[in-house]
Amino acid sequence: MRNLRKSYIYWDLDGTLWQHKEQEVKLICENLSITYSIKLEEEFFYMIGEFNRHFERIRVTQSEICQIIERTMLELYAVGISGRQFLDAWCETECNVLNKDAKEVLKKFNELGKQNNVITDWLWNKQITQLRNFGILSYIEKIYSCEGYFLKKNPKSISRVIKPKEREASIIIGDSLQSDIAFANNAGISSIWYNPKRTENLTTFEPTFEVTSLMEVLDIIK
């Protein structure tokens, strides 16, 4: 692989540095002391799709997230749970598992003098807490949350993250073609598509590199 001289590394979190637990919805239900159902889980994933559609062109706010939850997760209404209650429980619940190579790779880049940054399409407090709980917050220099701003796929998200003089020295690593790689393509920076399941790229977004493990990233960035 080609050795890239990059100083600014931008990491995606969900799906890249960590993975969601399969029983995520069940865990949230336990936190809320409500009964889990397949219908509720179906509504949960539909809600996530609506989240991405709703905020495609506008800034992300917690109040609107709560409205989306209430509009799409009707099973919650039946048990008296508001959108705010569900969002708070979601953020409080331990729903993720750290990728086994994440800490080692972040530490290595830190030792090499690289700047590890995070750009995430989720809420600030939740991601800060998760980074701290996984013991990797100390390896992160800057954190860019979508809260109050735009999702990564929106070109308007670029200017606050990528400075023109740093473009050539920047690279993003993420699992989503339509989010992380779209950000890279729009910003004109290099990218690494983390694709452990070897999913076929059926989009128009083109990653610079593709890897199936985070350890491979160490062979690309020097």
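Conventions we followed
Residues numbered from 1 in each chain as written. Predicted model: local features only at pLDDT ≥ 70, side-chain atom pairs only at ≥ 80, totals over all residues. Heavy atoms only, no water. Pairing = 2+ DSSP bridges. Helix = DSSP H or I, 4+ residues; strand = E, 2+ residues; numbered from the N terminus. Axes fitted to C-alpha atoms, helices over the stretch in contact; angles between N-to-C directions. Contact = heavy atoms within 4.5 Å. Buried < 20%, exposed > 50% of the residue type's maximum accessible area, 1.4 Å probe, protein only. 1 Å grid on protein atoms, 1.4 Å probe; cavity = no way out; pocket = protein on both sides within 12 Å on 5 of 7 lines; lining within 4 Å. Points joined across faces, edges and corners; volume = space filled by probe spheres on them. Nonpolar A, V, L, I, M, F, W, Y, C, P; charged D, E, K, R; others polar.

**Student:** Explain the sheet that holds strand 8 (residues 209-211) to me, please; I cannot follow it from the model alone.
**Tutor:** By definition, the strands of a sheet pair up through backbone hydrogen bonds, in either a parallel or an antiparallel sense. If you walk across this open sheet you meet the six strands as 5-4-1-6-7-8, and the pairing is parallel. Either end of the sheet is taken by a strand with one partner, and the two such strands are strand 5 (142-145) and strand 8. Averaged over neighbouring strand pairs, the angle between their axes works out to 20 degrees when direction is ignored. Here four bridges tie strand 1 (residues 8-11) to strand 6 (residues 170-174), and the two strands are oriented parallel to one another. Bridged to Y8 within strand 6 is S170. Against the sheet, helix 8 (residues 177-187) touches strand 4 (115-120), strand 6 and strand 7 (190-194), its axis set at about 165 degrees to strand 7.

**Student:** I keep staring at unusual backbone geometry and nothing clicks. Help me out?
**Tutor:** Glycine aside, residues mostly have negative phi angles, and peptide bonds mostly take the trans form. We note that S33 has phi near 60 degrees; this positive angle belongs to a residue other than glycine. Among the residues examined, S33 registers a relative accessible area of 67% and is labelled exposed.

**Student:** Which parts of the structure should I look at to understand empty space enclosed by the protein?
**Tutor:** Leftover empty space is mapped by rolling, across the atoms, a probe with the size of a water molecule. Taken as a whole and judged by the stated rule, the model has one cavity of 30 Å³ or more. Put simply, the largest cavity is a space of about 40 Å³. What lines the largest cavity is simply I119, T120, D121, Y144, S145, C146, F150, L151, K152, S157 and R160. Its residues placed into classes, the lining of the largest cavity shows five nonpolar, three polar and three charged.

Function-wise, these values are silent; they only describe arrangement.
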